[in-house]
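# Report on the structure
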Amino acid sequence: MRAMTYRGPYRIRVEEKPDPRIEHENDAVVRVERAAICGSDLHLYHGMMPDTRVGHTFGHEFIGVVEQVGPSVEHLDVGDRVMVPFHISCGSCWFCARGLFTNCHNVNPNATAVGGIFGYSHTTGGYDGGQAERVRVPFADVGPEVIPPWLDDEDALMMTDALGTGYFGAQLASIREGDTVVVLGAGPVGLFAARSAWLMGAGRVIVVDQFEYRLEKARTFAYAETINFAEVDDVVLEMKKQTDFLGADSVIDAVGAEADGNLTQQVTSAKLKLQGGSPTALNWAIDGVRKGGTVSAMGAYGPIPSAVKFGDAMNKGVTIHMNQAPVKRQWPRLLEHVQAGHLTPSDVITHRIPLEHIADGYHLFSNKLDDCIKTVVIP
């Protein structure tokens, strides 16, 4: 089969790889019909995440058609159209039993923290991902769901990570009716977090970014106020000014490891790899939230330490909620919202490219070219 393969930082290509096969009786093999490039894929592409191995296939957002099932699979049949959550979960361990599917204890030999993730570094299990013609899906009775006949394929694709993660970020923010919510980052996850904040009762939503085309999308898709941090002297001071100098009730970090805005943090993280990512956005969140407020963090960071302002958070009485999003847990409610017309997830998609041109897709997305917000890959 044809698959995207990693050859080192900023170097990917499409190559022939062996077709995936049933390795366990509860596996399925899915023929990929749509995949996507995620902002956290860029952390791999840029060499930010440890133990990202040459030859690995990225892609944790994908939908497709079931081609094979193992002998113990009961809930899927060959020919089913399925959406597959980015996380791999056994469904029966202590963590899965409590809905913490991204912390599954049985799918990652390095599972002191995160469980298994498709198409990410070997710190998350080393499973090949969906930027390929086919993918092996472990625990097929646990993760994938048959796509409802009324649901558009590209809307389903957004539910496999970006929408579910943005919605989860808003959940983690503990939003109460009338709250002011600031979202740091106007990529797909940030846009979905901002839109979801309204669904949870926010009275005001402000999105912070530095790219005007993304801020325009925040205004038209998420109905948010915006701050361009490249146009203000001090973004935290600007956040305070716009919230009666108290700070926001909740701040959502939807950026993660490659946040711009602080040269020292960028150099020590992105260039020198001395941190598990630039904590600029997370520190802005801690500084910009009100005393006693909530910070939500679901942007991806690496496992090594980062220079986070923990003392400031403690002295302000800030509650910090964070995790990789258990998107499957969000699906029932999200399907209701989509079916009711409260949002159309595919509205954030700006580019569609064939698998053979995936290197161009990474280049566009990484360099913020052609007003790229979200790219779909078509095998």
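### Remarks on empty space enclosed by the protein
Under the definition given, this model contains one cavity of 30 Å³ or more. Here the largest cavity is characterised by a volume of approximately 70 Å³. Taken together, 14 residues line the largest cavity, and the ones lying closest to its centre are Pro-85, His-87, Ile-88, Ser-89 and Gly-143. Each residue belonging to the lining of the largest cavity can be placed in one class, and the counts come to ten nonpolar, three polar and one charged.

### Re the packing of aromatic side chains
Scanning the entire structure with this criterion turns up nine aromatic pairs. With centroids separated by 5.1 Å and ring planes inclined at 40°, the aromatic side chains of Tyr-45 and Tyr-362 adopt a geometry described as tilted. Highlighted residues: Tyr-45 in helix H1 (residues 39–45) and Tyr-362 in helix H11 (residues 358–366), separated in sequence by 317 residues. Pairing Phe-192 with Phe-221 gives two aromatic rings, centres 5.7 Å apart and planes at 80°, and the pair type is edge-to-face. Of this pair, Phe-192 sits in helix H4 (residues 188–199) while Phe-221 sits in helix H5 (residues 212–221); the two residues are 29 residues apart in sequence, bridging distant segments of the chain. The exposure class of Phe-221 is buried, given its relative accessible area of 4%. Taken together, Tyr-6, Tyr-10, Tyr-45, Phe-58 and Tyr-362 form an aromatic cluster joined through their ring pairs. Across from the ring centre of Trp-94, 3.8 Å away, lies the NZ or CZ of Arg-98, which sits over that ring. Arg-195 extends its terminal NZ or CZ atom over the ring of Phe-221, reaching a point 4.9 Å from the ring centre.

### Details of the side chain of Asp-179
Its place among the elements puts Asp-179 in the loop between helix H3 (162–172) and strand E10 (180–184). It is Arg-176 that comes nearest to the buried, bridge-free Asp-179 among opposite-charge side chains, at 4.3 Å. At a separation of 2.9 Å, a polar atom in the side chain of Asp-179 contacts the main-chain amide nitrogen of Arg-176. Look past the residues within four positions of Asp-179 in its chain and what remains in contact with it is Ser-174, Gly-201, Ala-202, Gly-203, Arg-204 and Asp-249.

Definitions and cut-offs
Residues numbered from 1 in each chain as written. Predicted model: local features only at pLDDT ≥ 70, side-chain atom pairs only at ≥ 80, totals over all residues. Heavy atoms only, no water. 1 Å grid on protein atoms, 1.4 Å probe; cavity = no way out; pocket = protein on both sides within 12 Å on 5 of 7 lines; lining within 4 Å. Points joined across faces, edges and corners; volume = space filled by probe spheres on them. Nonpolar A, V, L, I, M, F, W, Y, C, P; charged D, E, K, R; others polar. Phe/Tyr/Trp six-rings, centres within 6.5 Å; stacked < 30°, edge-to-face > 60°. Helix = DSSP H or I, 4+ residues; strand = E, 2+ residues; numbered from the N terminus. Buried < 20%, exposed > 50% of the residue type's maximum accessible area, 1.4 Å probe, protein only. Lys NZ or Arg CZ within 6 Å of the ring centre and 35° of its normal. Lys, Arg positive; Asp, Glu negative; His and termini not counted. Salt bridge = Lys/Arg side-chain N within 4 Å of Asp/Glu carboxyl O. Polar contact = N/O pair within 3.5 Å; in protein donor to acceptor, adjacent residues only side chain to side chain. Contact = heavy atoms within 4.5 Å.

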